[in-house]
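# A look at the structure
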4 protein chains.
Amino acid sequence: TLQHIFKQIFKVSLELQEDDNRKALLVSRKKHPEDSIVNVKGEKIGDGKQRLIAGPCSVESYEQVSSVAKVLKEQGLKLLRGGAFKPRTSPYDFQGLGLEGLQILKRVADEEDMAVISEIVDPKDIETAVDYIDVIQIGARNMQNFELLKAAGSVDKPVLLKRGLSATIEEFINAAEYIISKGNGNIILCERGIRTYEKATRNTLDISAVPILKQETHLPVVVDVTHSTGRRDLLLPTAKAALAIGADAVMTEVHPDPAVALSDSAQQMDFGQFSKFMGDLRESGLYKL
Amino acid sequence: TLQHIFKQIFKVSLELQEDDNRKALLVSRKKHPEDSIVNVKGEKIGDGKQRLIAGPCSVESYEQVSSVAKVLKEQGLKLLRGGAFKPRTSPYDFQGLGLEGLQILKRVADEEDMAVISEIVDPKDIETAVDYIDVIQIGARNMQNFELLKAAGSVDKPVLLKRGLSATIEEFINAAEYIISKGNGNIILCERGIRTYEKATRNTLDISAVPILKQETHLPVVVDVTHSTGRRDLLLPTAKAALAIGADAVMTEVHPDPAVALSDSAQQMDFGQFSKFMGDLRESGLYKL
Amino acid sequence: TLQHIFKQIFKVSLELQEDDNRKALLVSRKKHPEDSIVNVKGEKIGDGKQRLIAGPCSVESYEQVSSVAKVLKEQGLKLLRGGAFKPRTSPYDFQGLGLEGLQILKRVADEEDMAVISEIVDPKDIETAVDYIDVIQIGARNMQNFELLKAAGSVDKPVLLKRGLSATIEEFINAAEYIISKGNGNIILCERGIRTYEKATRNTLDISAVPILKQETHLPVVVDVTHSTGRRDLLLPTAKAALAIGADAVMTEVHPDPAVALSDSAQQMDFGQFSKFMGDLRESGLYKL
Amino acid sequence: TLQHIFKQIFKVSLELQEDDNRKALLVSRKKHPEDSIVNVKGEKIGDGKQRLIAGPCSVESYEQVSSVAKVLKEQGLKLLRGGAFKPRTSPYDFQGLGLEGLQILKRVADEEDMAVISEIVDPKDIETAVDYIDVIQIGARNMQNFELLKAAGSVDKPVLLKRGLSATIEEFINAAEYIISKGNGNIILCERGIRTYEKATRNTLDISAVPILKQETHLPVVVDVTHSTGRRDLLLPTAKAALAIGADAVMTEVHPDPAVALSDSAQQMDFGQFSKFMGDLRESGLYKL
C-alpha cells in the first residue's frame, strides 16, 4: 500500500543519509589524505618524529610533579602527563586533587617550559581546564561520554582521546568524529589496551590498532604502554613495538616513589627505572630524540 | 630508614582504608540484608512480583509514545520506557528529541497514569529531568561516567543503572555505590548483555549476573532482553529465562512500526508481536501480572 | 588474459560449492524441519520432556560412582555422567582412570539400569568406548579436534558435543556437521559457557545460544550448568533459566564428598545439596519428571 | 572426626603436589635459565638472530610449493611452511592433500635444502610425519588436544606449538609442558593472535605475550603475523613490531597467486608483495639476515 511504500522510502533515505555521513567522516583519511599535525606548545605531534610522553599517574603535590618534570626534561621530554581528576572504580578511592591539581600542573609547566596533558571528566570543567593545561585528555571510561566529547570539540585546545575499555576501532573513530564535528580537529588518538579474557596483563595491547588508525584517519596515534600492560617489566618491550609499528608517541608513567603512589603503584617507574628505560630505548635505535 | 618505614605505614594504611570501604559498600547485602524495594509511582520494584517494562527505543512523537502506552496499559503494564537523549555511535545518527522528548513522556505518563523511564546523559540535565520522568536511566556507555552517577545520586528520584558494555560485575556494583554514596539509594540494576567475541547476538546476555547481583547487593535487578540479544526472535525465550532466574523485571522495546523507527529498528516488536509475546509469556506460567 | 579468466572461474566455482555446502548442512533445520530425538538406552532426548543428567566430574572408584548412581536413581534420573579420560590444563594434574573408569561406569550402568555419558579424547579410543558407554562426550577443548569428530561420526553411538571454550555458534554447528557428515546423526549439543572477560563466574553461560541452536539445527540442546558457572550457588538459578528457555536437558555434577574430589571440587554438589537442588527445581514448576 | 581429618590431609597433599609440579615446570625459565635453542636442520632458532618463516597456507601442488621455495631462498630464508593437513571450520572446505602434501614438502625441501614446517592433526600421524618434515606444527585448534601433544612429545623432532584461539598464556605454557614432559624439549612457541570482540582484524595480535613467554619460559617464540591479523596490509607493520619486541622469528604466508589459493586467499602475499615486504623490513633495520 501507499503508506507502506512511503515508509520504505523514508527508511531507505535515512539509511542512505547515515551511510553518506559515515563515508564523509571528517577524521577519515579519504577526506583529508595528509597527516594531521597537532601542535602542542611547539611540539608537533604527528610530524614524523616519535616522541615520549611521561609523568605521574596522579598529581599528588607540587614537589612530586616538579621533581618528575625535571627528570623528564633532562631526558629531553617536553610533554608531561598527570591526573588531577581521577575516575576510579570505587567512590572511596582517591579521586584526585581536582582544580588544585591543574594549578600544580600549570605552575610546573610554566617553570620547566613543558606542555601538560590531563584528563577532564565533566563537560562543565572543559572551559576552566583550557586555562591550565595544553592537552585535554578524555579517558577510556569516557570515550563514549558524548556530552564530554562535544564539549571538548567546542574549545580550541588539543584533545588526546583514549580508546574505550572495549571499544571497537570503528567506535573509537566515531568518538573522535564527535570532537571534530564540533570544530576542533586537534585530536590525538591513544591506544591503551582492550579488555580480553587474558589476565597476564591488565589489558591486551592491540598493537595492530596503530597502523589501522593511521590508515583510516589522518590523526596522530599514541600508545599508552602503562595502561595497556599494567606491568612495569613490559614497558620497555611494548614501547619498542609501538615505535617500530609507527606510533607518533609513546606514553608512560613515572613517579618519584611508586610504592607510595596514590594510584597505580604497581606500574609506574621510579627515576632510576625511567633512566634505564630511556637508555635502553635509545640503544635499540628505535627512539631518536 | 625511617622515611621508608613511614612510607610503608602510609601505604598500608591507605590500602586498609580502601579495603574497609569496600567491605562496607552501602549497596552490599552484608550491609543491608533485606531486599530494597524501589517505589516508582506506586509500582514497587523488588517486592517479589515480576514486572515488565516496555516502550519505544526513541521518543519520536507524542502520537507514537501515546499509542505504545495505550497498548502497554491494555496488557496491564505500568512502566513505560523511551529515549529522549540518545547516545549514538556516530554524531550524525539521530540523537533524540531531548527536552521535547521528556515533555512528551510526561504528557503521556500523566494521561495514561503510567511511570516513565528515560536516559539522561549529561550531569547538568539531571535537575531538569526530575520534573519530567519517574526513573532516571543511566545507560551502558555512561556506567563509569562518575560525574553523571554523582549527579544522579544527589537527587531524590529512582535510578535505573545499566551495566557497561564490558563492565565486570564488581565494577557495576561500584558504579551503583557512586550513586548511593551521594544519598540516593533508589537504584535498580539492569543487566543488558556484555560484549564478547560471539556475533550471533548483538551482545551476550550474562544471565548468571542476575543471581550474583541479587546475592551481592540488596537492589532490584532488571534484564533488558532487547539490547542483550538485539534479535526480535530471542525476546520471548530470554524473557522466560530472566523471569525463571529471578529478575525483578524484564525490559523490552515496542514500537508502532519498527521498520521506520529512528533507531534499533531490527529489534523492536510491533503491537501484534508484543501481544503475542505477552500471551506466550503468560501461557508459560512465568509471568503472573 | 585467458589464464587469469580460468583462475577466476575456478575461484568462483570453489566459493559457490562451499556456499552450497553450507546452505545444505545436514544438521540444519532447513534440511530437516522436525526435531531430532536421540534415543539413549530408552531415554528420548529431544522429545519435549526436559531431563537432568548428573554424576561426578571424574570417575574415582566403583564405590564413588555406584553411590552417586543410587542417589540419582532415587530422584528419577536415568542419565549418569562421569569422566574417565580427563583433559587437564597441566600434565601433572589427575588425568583420569582411563579404561578402568569406563569399566566402572559400565558396571554401575548395568547394575542400576542407567545410561552413561563419558568423554573420549583420542580418535583411537572411540571404537573401544562404544562397548562401555551409551553416549560419547566430546569436550570443549576438543570441539575442533576434527579427527576425533570424524571418528565419533563413524560409529553408531550418540555423541554429546560440547561447545568450545570460545567457539562461535557457527563453528559449533559446523563441528556437529563433521560428525553427521560421517553418518552419525545422533548428536546432542551442549552449551557450557564461553570465555569472556568476566571473572565472577568460571565461564559466561550464553543462555541465548539455546534458542539459537534449536532454531538453526534440529538437534537436542543441553545446558551444562556446572562448567558454565563453576559456582555451586549458581547451579539452581541457571538450571531454572535453562529449563525456562527450552533446553532439552540440564547437566550438573554430584559427588559423594566434593571436598576430596580429584577434580572440580568447588563446583560439585554433595548428596544433601543435590537433594535440595532437586526439591527446589521441582517446586519451581520448571522440572516435571 | 577422624575420617574427615584424613580427607583434609589427602586434599591438602594433593594440592601441595600439584603446586610443586607447577613450580617445577620443565619449560620454566626458573628451571632452566638459559635460552633454549632449537636446531632445525642447522637453523638455530632462539640463538639471538631473528628469522623469517614463510610459505603457502596450504600445499596445493609440487609446482606451487617449489616456486614459493625458490622465491624464499632468493631472499635468504631457510624455513618453509605449508599445510598438508588443514583443520577447517566446515567439513566441506578443502581439507589439504594429506600425506601427498607431506611428500611434496619433503621433495622441495630436499631440492632447495630448506627445512619444512607442517601441521599434524592426528596423534597416529606423528610417527609418519617425522620422515617427511623438520618441524611438527600443532595448530591453534589443537593446542589442548593433549593426546596430540603427548604424541609430539614422544618423538625426536622439533615442535612448533601455536597458541589456542583463546588460550591464556598460562594454558599455553602448560600445553608446552605436555610435550616436554614426554621427553621432547625442542619446542617453539607461536603467538598467532587471540579471539576478542574486535572485528577489524581476524584475531587480536597479543604482542605482549612475546616478552612474557620469553620471561616465563626458556623456549624460542615466533609471531605468526598472517593469522594474527588476517590482513595483508598489516603484515609489514606487525612484523616490525614482532622483531622490535624480541620475537625469535616471524611467520607469514606467501602464495604464487593468492586469488586462487585453496585457503586464506585474502591474507597471503604474492611474490611481488613478498619482495616489497622483505625490502621494507630490511630498510627498517629491524631484520638483519
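Calculation criteria
- Residues numbered from 1 in each chain as written.
- Chains lettered and ligands numbered in written order.
- Predicted model: local features only at pLDDT ≥ 70, side-chain atom pairs only at ≥ 80, totals over all residues.
- Heavy atoms only, no water.
- Helix = DSSP H or I, 4+ residues; strand = E, 2+ residues; numbered from the N terminus.
- Buried < 20%, exposed > 50% of the residue type's maximum accessible area, 1.4 Å probe, protein only.
- Contact = heavy atoms within 4.5 Å.
- Areas by Shrake-Rupley, 256 points an atom, 1.4 Å probe, with all protein chains shown as cover.
- Lys, Arg positive; Asp, Glu negative; His and termini not counted.
- Charge placed at Lys NZ, Arg CZ, Asp CG, Glu CD.
- Pairing = 2+ DSSP bridges.
- Axes fitted to C-alpha atoms, helices over the stretch in contact; angles between N-to-C directions.
- Right-handed = clockwise from strand over helix to strand, strands pointing away.
- Expected span 1.5 Å × (residues − 1).
- Parallel < 35°, antiparallel > 145°, perpendicular 65-115°, else oblique.
- Left-handed = near helix turned anticlockwise from the far one by under 90°.
- Nonpolar A, V, L, I, M, F, W, Y, C, P; charged D, E, K, R; others polar.
- Buried area = accessible area lost by both parts, 1.4 Å probe.
- Salt bridge = Lys/Arg side-chain N within 4 Å of Asp/Glu carboxyl O.
- Polar contact = N/O pair within 3.5 Å; in protein donor to acceptor, adjacent residues only side chain to side chain.
- Least-squares fit on C-alpha atoms with pLDDT ≥ 70 in both.
- Domains from an automatic or database assignment.
- Phe/Tyr/Trp six-rings, centres within 6.5 Å; stacked < 30°, edge-to-face > 60°.

On to the overall build of chain A, then. A count of helical and extended segments in chain A gives 10 helices and 10 strands. A principal-axis box enclosing the C-alpha atoms of chain A has dimensions of 75 × 40 × 40 Å. Expressed as a percentage of the 289 residues in chain A, the buried residues total 64%. Considering only contacts in chain A between residues 6 or more positions apart, those separated by 24 or more positions represent 69%. For chain A, the exposed surface amounts to about 10,100 Å²; the carbon and sulfur share of it is 51%. Computing the positive centroid from 37 side-chain charges and the negative centroid from 41, chain A places the two 2 Å apart.

This brings us to the sheet that holds strand β7 (residues 159-162) of chain C. All names here are of chain C. With respect to topology, 8 strands assemble into a closed barrel ordered β3-β4-β5-β6-β7-β8-β9-β10, the strand pairing being parallel. Averaged over all pairs of adjacent strands, the angle between their axes in this sheet comes to 25°, without regard to strand direction. Relative to strand β4 (residues 79-81), helix α2 (residues 62-74) is tilted by about 150°, and along the sheet it contacts β3 (51-55) and β4.

The next point concerns the pairing of strand β8 (residues 187-191) of chain A. Residues and elements named next belong to chain A. Most of β8 sits out of view: 5 of its 5 residues are buried. Of the two faces of β8, the one holding Ile-187, Leu-189 and Glu-191 and the one holding Ile-188 and Cys-190 are both buried throughout. Where strand β7 (residues 159-162) lies against β8, 4 bridges are found, and the strand directions are parallel. Looking at the pairing, Leu-161 lines up with Leu-189 of β8. Each parallel crossover has a hand, and for β7 linked through helix α6 (residues 169-180) to β8 it is right-handed.

For the rest of this paragraph, the subject is helix α2 (residues 62-74) of chain A. All names here are of chain A. If you check α2, its first and last C-alpha atoms are 18 Å apart, about what 13 residues at 1.5 Å a residue would give, namely 18 Å. Those residues of α2 not exposed but buried are Tyr-62, Gln-64, Val-65, Ser-66, Val-68, Ala-69, Val-71 and Leu-72. Remark: Gly-76 follows α2 within two positions and exhibits a positive phi of approximately 90°.

All names here are of chain A. Relative to each other, α6 and helix α7 (residues 209-216) sit at 45°, their axes nearing to 11 Å. Taken together, α6 and α7 sit at an angle that is classed as oblique. Of the two possible hands of crossing, α6 and α7 adopt the one that is right-handed. Contacts between α6 and α7 involve Ile-169, Phe-172 and Ile-173 from the first element and Ala-209, Ile-212, Leu-213 and Glu-216 from the second. Tallied by class, the residues present in the contact of α6 with α7 amount to 6 nonpolar, no polar and 1 charged.

Here we take up the interface of chain A and chain B. A common way to state how big an interface is: give the accessible area lost once the parts meet. Residue-level contacts link 44 residues of chain A with 44 residues of chain B. A buried area of about 3,800 Å², summed over both sides, lies between chain A and chain B, and 49% of it is on carbon and sulfur atoms. Applying the counting rule to chain A against chain B returns 2 salt bridges. Between Glu-171 of chain B and Arg-195 of chain A there is a salt bridge whose closest N-O contact spans 2.6 Å. The interface formed by chain A and chain B contains 15 residue pairs in polar contact (both at pLDDT 80 or more). Among the elements that take part in the side of chain A that touches chain B, helix α1 (residues 2-23) of chain A stands out by supplying 7 residues, more than any other. Residue classes in the side of chain A that touches chain B are distributed as 18 nonpolar, 12 polar and 14 charged.

Moving on to the relation of the copies chain B and chain C. Superposing chain B onto chain C takes a rotation of 180° plus a shift of 0.0 Å along the axis, which leaves an RMSD of 0.0 Å. On this basis, the relationship between the two copies can be described by a two-fold rotation axis. For chain B, the smallest separation between a C-alpha atom and the rotation axis is recorded for Ala-241 of chain B, amounting to 2.1 Å. Both copies present the same face, since 100% of the interface residues in chain B are matched by interface residues at the equivalent positions in chain C.

This part is about the sheet that holds strand β7 (residues 159-162) of chain D. Residue and element names in this part refer to chain D. Read once around its circumference, the closed barrel built from 8 strands follows the order β3-β4-β5-β6-β7-β8-β9-β10, with strand pairing classed as parallel. Adjacent strand axes in the sheet meet at a mean angle of 25°, parallel and antiparallel pairs treated alike. Bridge count between strand β8 (residues 187-191) and strand β9 (residues 221-224): 3 bridges; the pairing is parallel. Each residue of the ladder has a partner; that of Glu-191, found in β9, is Val-223. Packing against the sheet, helix α3 (residues 99-112) makes contact with β4 (79-81) and β5 (115-119), and its axis sits at approximately 165° to β5.

A few words now on the domain arrangement of chain A. Residues and elements named next belong to chain A. For chain A, the domain assignment lists domain 1 (1-28) and domain 2 (34-283). Counting each side, the surface lost to burial between domain 1 and domain 2 is near 630 Å², with a carbon and sulfur contribution of 62%. The largest contributions to the domain 1 side of the interface with domain 2 come from Leu-25, Leu-26 and Val-27, which together make up 82% of the buried area. The tally of links from domain 1 across to domain 2 stands at 0 salt bridges. Where domain 1 touches domain 2, the interface holds 4 residue pairs in polar contact (both at pLDDT 80 or more). Grouping the amino acids of the side of domain 1 that touches domain 2 by side-chain chemistry returns 3 nonpolar, 1 polar and no charged.

Chain B puts 32 residues into the contact, and the matching count from chain C is 32 residues. Contact between chain B and chain C buries roughly 2,300 Å² in total, counting both sides, with carbon and sulfur atoms accounting for 65%. Linking chain B with chain C are 2 salt bridges, by the criterion used here. The residue Arg-163 of chain B makes a salt bridge to Glu-198 of chain C at a minimum N-O spacing of 2.7 Å. Counting across the chain B and chain C interface gives 10 residue pairs in polar contact (both at pLDDT 80 or more). Elements supplying a minimum of two residues to the side of chain B that touches chain C: α7 (209-216) and α9 (235-245) of chain B. With 6 residues, the single largest contributor to the side of chain B that touches chain C is α9 of chain B.

Here we take up the pairing of strand β9 (residues 221-224) of chain B. Residues and elements named next belong to chain B. Residues Val-221 and Val-223 point to one face of β9 and Val-222 and Asp-224 to the other, with burial holding for every one of them. For the segment spanning strand β8 (residues 187-191), α7 and β9, crossover handedness is right-handed. Here β9 pairs with strand β10 (residues 249-253) via 3 bridges, running parallel. Bridging across to β10, Val-223 finds its partner in Val-250.

Here we come to the environment of Leu-281 of chain B. All names here are of chain B. On the secondary structure map, Leu-281 appears in helix α10 (residues 271-283). Under the relative-accessibility criterion, Leu-281 is labelled buried at 0%. The sequence separation of Leu-281 and Leu-105 amounts to 176 residues, and the corresponding C-alpha distance is 27 Å.

Both the distance between ring centres and the angle between the ring planes are used here to describe each pair of aromatic rings. All names here are of chain B. Following the criterion strictly, the structure yields 8 aromatic pairs over all chains and no others. Between Phe-146 and Tyr-178, the aromatic rings sit 4.3 Å apart at their centres with planes inclined by 25°, giving stacked as the arrangement. With a gap of 32 residues between them, Phe-146 in helix α5 (residues 146-153) and Tyr-178 in helix α6 (residues 169-180) connect regions that are remote in the sequence. Under the relative-accessibility criterion, Phe-146 is labelled buried at 4%.

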